[in-house]
Amino acid sequence: MMDIYEKRRRRAIARIAGLPAVKVLFVCLGNICRSPAAHGVMQAIVDAHGDSALWHIDSAGTGDYHTGDLPDRRMRVHAQRRGYSLTHRARQVRETDFDDFDLIVPMDASNDRNLMRLAPSTELAEKIVPMAAWIDICTRYDHVPDPYYEGAEGFELVLDLLENACNRLFDDIEREKKAPAENK
Ligand code: 4NP
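Calculation notes
Residue numbering note: each chain is counted from 1, following its sequence as written. The predicted origin of the model limits local features to residues at a pLDDT of at least 70 and limits the giving and counting of side-chain atom pairs to 80 or more, whereas totals for whole chains, interfaces and linings rest on all residues. Processing note: side-chain calculations cover all non-hydrogen atoms of the structure and skip hydrogens and water entirely. We call a pair of cysteine sulfur atoms a disulfide when they lie within 2.5 Å. Relative accessibility under 20% of the residue-type maximum defines a buried residue, over 50% an exposed one, and the middle range a partly exposed one, all with a 1.4 Å probe and only protein chains included. A run of H or I in DSSP counts as a helix once it spans at least four residues, and a run of E counts as a strand once it spans at least two, with each numbered from the N terminus. Being paired, for any two strands, means DSSP has found at least two bridges between them. Seen with its strands pointing away from the viewer, a crossover is right-handed when the path leading from the first strand over the helix to the second is clockwise. Salt bridge, as applied in this entry: a Lys or Arg side-chain nitrogen positioned within 4 Å of an Asp or Glu carboxyl oxygen. Only heavy atoms matter for contacts: two residues are in contact if any of them lie within 4.5 Å across the pair. One heavy atom within 4 Å of a molecule or strand makes the whole residue count as near it. Here a polar contact means two N or O atoms within 3.5 Å. Within protein one must be a hydrogen donor candidate and the other an acceptor candidate, and residues neighboring in sequence count only if both atoms are side-chain atoms. Only the protein chains shown count as cover for residues, and the accessible areas themselves come from Shrake-Rupley with a 1.4 Å probe. Classification used: nonpolar for Ala, Val, Leu, Ile, Met, Phe, Trp, Tyr, Cys and Pro, charged for Asp, Glu, Lys and Arg, polar for all others including Gly. For a helix, the expected span equals 1.5 Å multiplied by the residue count minus one. The directions from the helix axis to the C-beta atoms are what the arc is built from.

Participant: What's the story with the state of the cysteines in this structure? I'm lost.
Facilitator: Throughout this description, disulfide means a covalent bond between two cysteine sulfur atoms. Overall, the coordinates contain 0 disulfides when judged by the stated rule. Of the cysteine sulfurs around cysteine 28, a residue in no disulfide, the closest is that of cysteine 33, at 7.0 Å. Summary of cysteine pairing: cysteine 166 is not part of a disulfide, and the nearest cysteine sulfur, belonging to cysteine 28, is at 13 Å.

Given below as structure tokens:
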């Protein structure tokens, strides 16, 4: 658990637990590697263990270079080997995402800063919690590293970190929904 994000995580999770549905937006730079993979991993966890009618999951990029594109072929290949089919089409983050989603999850500090700038108010900015808040393997990572200029191991690392974080995010929300007081 990344202590630097603990306060932001707690505040966001406490708010989400009181809502009827969970609407999560994963964000990276291009929306073709990390965030669509997070989206696919989270959807698989919800489909297997949760009530998919109560979860709305999406992803977006802070940049618009890849709008309309499928995820990067390398990301799709590595994800498919673990059973995740990534079919998302890239889109850029928009201001209305801050109304449409309850939790906005940047992959790294640069995505975090860009989202903070884009947030229409400080209250809405509290919806932003970096993915590293839920990483507890490879604790030297305070972010999910961009695999774009890396080899196969970069994509495998991203999937390892995302599986860890998505499972812990799912458990975090489910636990808070069942027993809100315990986590306060
Ligand atoms: P992502 O990776 O942010 O994980 O989707 C990247 C994809 C494309 C670029 C940068 C990062 N790019 O510069 O085109």
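Participant: Would you explain the pairing of strand 2 (residues 55-61) in this entry?
Facilitator: Burial runs high along strand 2: 6 of the 7 residues are buried. Strand direction decides the pairing type here: strand 1 (residues 22-28) and strand 2, joined by 7 bridges, are parallel. Considered in strand 2, the bridge of leucine 25 is made with aspartate 58. As for the winding sense of the linkage, the β-α-β connection from strand 1 through helix 2 (residues 34-49) to strand 2 is right-handed.

Participant: What should I look at first to understand the pattern of salt bridges in this one?
Facilitator: A side chain with one charge can pair with a side chain of the opposite charge if their charged atoms come near. Under the defined criterion, the tally for this structure stands at 14 salt bridges. Notably, a salt bridge pairs aspartate 172 with arginine 9, separated by 2.6 Å at the nearest N-O pair. Residue aspartate 172 is found in helix 7 (residues 152-178), and its partner arginine 9 is found in helix 1 (residues 6-17); the two are separated by 163 residues along the sequence. Judged by relative accessible area, arginine 9 falls into the buried class, the value being 9%. We note a salt bridge from aspartate 72 to arginine 74, for which the minimum N-O separation is 2.9 Å.

Participant: Got a minute to help me understand the side chain of aspartate 112 in this structure?
Facilitator: Checked against the element boundaries, aspartate 112 lands in helix 5 (residues 109-118). Ignoring sequence-local partners within four residues, the contact set of aspartate 112 consists of Arg8, Pro106, Ile128 and Pro130.

Participant: Is there a simple way to explain the site of the ligand in this structure?
Facilitator: Lining the immediate environment of the ligand, one finds Cys28, Leu29, Gly30, Asn31, Ile32, Cys33, Arg34, His66, Asp146 and Tyr148. At 3.2 Å from an oxygen atom of the ligand is found a main-chain nitrogen or oxygen belonging to asparagine 31. The side chain of aspartate 146 places a nitrogen or oxygen atom 3.3 Å from an oxygen atom of the ligand. Contact with the protein chains removes 90% of the 350 Å² of surface that the ligand exposes when unbound. By residue class, the composition of the shell around the ligand is 5 nonpolar, 3 polar and 2 charged.

Participant: I keep staring at helix 1 and nothing clicks. Help me out?
Facilitator: Structurally, the α-helix is built with 3.6 residues per turn, so residues lying three or four positions apart point the same way. With 12 residues, helix 1 ought to run about 16 Å at 1.5 Å a step, and its terminal C-alpha atoms sit 16 Å apart, in line with that. Along helix 1, the positions that sit buried rather than exposed are Glu6, Arg9, Ala12, Ile13, Ile16 and Ala17. The buried residues of helix 1 occupy an angular sector of 135° when projected down its axis, which confines them to one face. Packed against the buried residues of helix 1 are strand 1, strand 3 (103-106) and helix 7.

So far we have only geometry, and geometry alone does not tell us how the molecule works.
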